[in-house]
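# Notes for the structure review
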Amino acid sequence: MALEYFQTGKYHECMLLLEKLDKQYRLNPRFRAYLGVCYYYEWDYEKAYKLLDALISELRNFAPHERSVYYWACAESHFNMKQFAAAIPLYGDMLKVCHENEKPDALYRLGFCHMFQKAWQPAYDCFNGALALYRKYRQEDQKPRIAQIENMMVGIKEHLPKPKSMADNTRAALSPQILTVQKAPIPAMAIPRFSIKMDSIKTKSVVKFSAVRDTLKGKETKDINLDNLFKSRVEVK
C-alpha cells in the first residue's frame, strides 16, 4: 500500500506508512530512501537531508536514474535549508547520472549555490550551461526561467574581472629591464660619436653628432627624445 501511494504521488500517506514500518522492522535502504523523498515532498527538508545523507553511500549500486532522484531530493533539501556548500556535491552527483533534459535544473540550482557564496565565475558558468540546455531541451515550457537566467548572467558579469585591453597586455609583455634602460639618464659625455642620415634631406649631407654632443654637455638625458630619433629613421654608422 505504501508503494502504491508513492507511485501515485500521495507522499503524505506513504510517509505515514513507511515511518510505522521502519520503526517496527527497520526498512532496507531503498524503502528508507523512499521515505526521505516523502519528507522532501512534504517540505520537511531537515528530516529529508538527514535521512538521505546517511543513505547515499548505500545507494551506489542502484540504477543511475533512480540515484539521481535521491541526489536531487537531498540536494534540494540542503538548498532550501540554505546549506549551499552541502548541496553543491549532491547536484554534481546528480549531473553524472540523470537524463540530459534534467541537467539544466541541476545546473540552475548550482548557479544559485555559487552565487550565494559570491563565487561569481562558477555561478556564471553554471547559469550559462543551464541556459544552453534549457534552450535545447525545454525551450517552450521554460521561457520565463530562460529570461530570468539571461538577466542574472548580465548582473553576474559585472562582478567578473574585466578583460585586459591590448595596450595593457603589450605593456605587461615588455621587459622591465627595457623600460628601465629607456627611462634611465645617460650622461652626455657617454654619448658615442656617430652620424645621422635624415631621409627628409634630399642631399646626402651628413650631420656630425659631435656638435650635438658638445652642446648637451652637462645636461640630463631626458632632454634627448629617443622616440623622435628613431621615428626619423636614424642610421647609425
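It should be emphasised that the depicted structure is a prediction, and the values quoted were computed from it without experimental measurement. (Residues numbered from 1 in each chain as written. Predicted model: local features only at pLDDT ≥ 70, side-chain atom pairs only at ≥ 80, totals over all residues. Heavy atoms only, no water.)

Moving on, we come to the packing of aromatic side chains. Ring pairs (aromatic) are described by centroid distance and by the angle formed between their planes. Evaluated as defined, the whole model comprises 15 aromatic pairs. Ring centres 6.5 Å apart and planes at 40 degrees place the aromatic pair Phe-79 and Phe-116 in the tilted group. Linking Phe-79 in helix 5 (residues 64–80) with Phe-116 in helix 7 (residues 103–116), this pair joins segments that are 37 residues apart in sequence. Seen in terms of ring centroids, Phe-112 and Phe-116 are 5.7 Å apart; in terms of plane orientation they differ by 35 degrees. Their pairing is tilted. Taken together, the residues span about one helical turn, with Phe-112 and Phe-116 both in helix 7 at a distance of four residues. With relative accessibility at 11%, the residue Phe-112 sits in the buried group. Joined through ring pairs, the aromatic side chains of Phe-6, Tyr-11, Phe-31, Tyr-34, Tyr-40, Tyr-41 and Tyr-45 make up one cluster. When the ring centre of Tyr-108 is taken as reference, the NZ or CZ atom of Arg-145 above it lies at 3.9 Å. (Phe/Tyr/Trp six-rings, centres within 6.5 Å; stacked < 30°, edge-to-face > 60°. Helix = DSSP H or I, 4+ residues; strand = E, 2+ residues; numbered from the N terminus. Buried < 20%, exposed > 50% of the residue type's maximum accessible area, 1.4 Å probe, protein only. Lys NZ or Arg CZ within 6 Å of the ring centre and 35° of its normal.)

Looking now at the side chain of Ser-77. Along the chain, Ser-77 falls in helix 5. Judged by its relative accessible area of 0%, Ser-77 is buried. Among the polar contacts listed, one links the side chain of Ser-77 to the backbone oxygen of Ala-73, at a separation of 2.7 Å. Beyond its immediate sequence surroundings of up to four residues, Ser-77 is in contact with Tyr-40, Tyr-45, Ala-48 and Tyr-49. (Polar contact = N/O pair within 3.5 Å; in protein donor to acceptor, adjacent residues only side chain to side chain. Contact = heavy atoms within 4.5 Å.)

For the structure on display, the rule yields eleven salt bridges. Among the ionic pairs, Arg-109 bridges to Glu-76, the shortest N-O distance being 2.8 Å. Here Glu-76 lies in helix 5 and Arg-109 lies in helix 7, a separation of 33 residues in the sequence. On the accessibility criterion, Glu-76 (4% relative accessible area) is buried. Residue Arg-138 is joined to Asp-141 by a salt bridge in which the shortest nitrogen-to-oxygen separation is 3.8 Å. (Salt bridge = Lys/Arg side-chain N within 4 Å of Asp/Glu carboxyl O.)

Let's shift gears to unusual backbone geometry. Here the phi dihedral of Arg-26 falls at roughly 55 degrees; this positive angle occurs in a residue that is not glycine. Its place among the elements puts Arg-26 in the loop between helix 2 (11–25) and helix 3 (29–41). For Arg-26, a relative accessible area of 58% gives the class exposed. The phi angle at Lys-118 is positive, at roughly 60 degrees, despite the residue not being glycine. Turning to its location among the elements, Lys-118 is positioned in the loop between helix 7 and helix 8 (120–137).

Within the fold, Ser-68 resides in helix 5. A polar atom in the side chain of Ser-68 sits 2.6 Å from the backbone oxygen of His-65. Among residues more than four places away in sequence, those in contact with Ser-68 are Met-94, Val-97, Cys-98 and Glu-102.

This part takes up the state of the cysteines. Taken as a whole and judged by the stated rule, the model has zero disulfides. This cysteine, Cys-14, is not joined by any disulfide, and Cys-38 carries the nearest cysteine sulfur, 3.7 Å off. (Disulfide = S-S within 2.5 Å.)

If you look at the biggest cluster of nonpolar residues, it comprises 59 residues, and the most contacted ones within it are Tyr-91, Phe-127 and Ile-149. Sequence-distant contacts of Phe-127, defined by excluding residues within four places in its chain, comprise Tyr-108, Gly-111, Phe-112, Met-115, Ile-149, Met-152, Met-153 and Ile-156. (Core = buried A, V, L, I, M, F, W, Y, C linked by side-chain atoms within 4.5 Å.)

Bringing the confidence of the model for the protein chain into the picture now. For the protein chain, per-residue confidence averages 80 on the pLDDT scale, and residues scoring 70 or more make up 69% of the total. Scored below 50 in pLDDT, residues 177–184 shows one contact in the model against residues more than four places distant or in partner chains. Scored below 50 in pLDDT, residues 186–237 makes 39 contacts in the model with residues more than four places away or belonging to other chains. (pLDDT = per-residue confidence, 0-100.)

Further remarks concern the packing of helix 7 against helix 9 (residues 143–157). Packing of helix 7 against helix 9 leaves a shortest axis separation of 13 Å and a crossing angle of 30 degrees. With respect to helix 9, the axis of helix 7 lies roughly parallel. Along this stretch, helix 7 crosses helix 9, giving a crossing that reads as left-handed. Contacts from Asp-105, Tyr-108, Phe-112 and Met-115 of helix 7 reach helix 9 at Arg-145, Gln-148, Ile-149, Met-152 and Ile-156. Here the residues of the contact of helix 7 with helix 9 sort into six nonpolar, one polar and two charged. (Axes fitted to C-alpha atoms, helices over the stretch in contact; angles between N-to-C directions. Parallel < 35°, antiparallel > 145°, perpendicular 65-115°, else oblique. Left-handed = near helix turned anticlockwise from the far one by under 90°. Nonpolar A, V, L, I, M, F, W, Y, C, P; charged D, E, K, R; others polar.)

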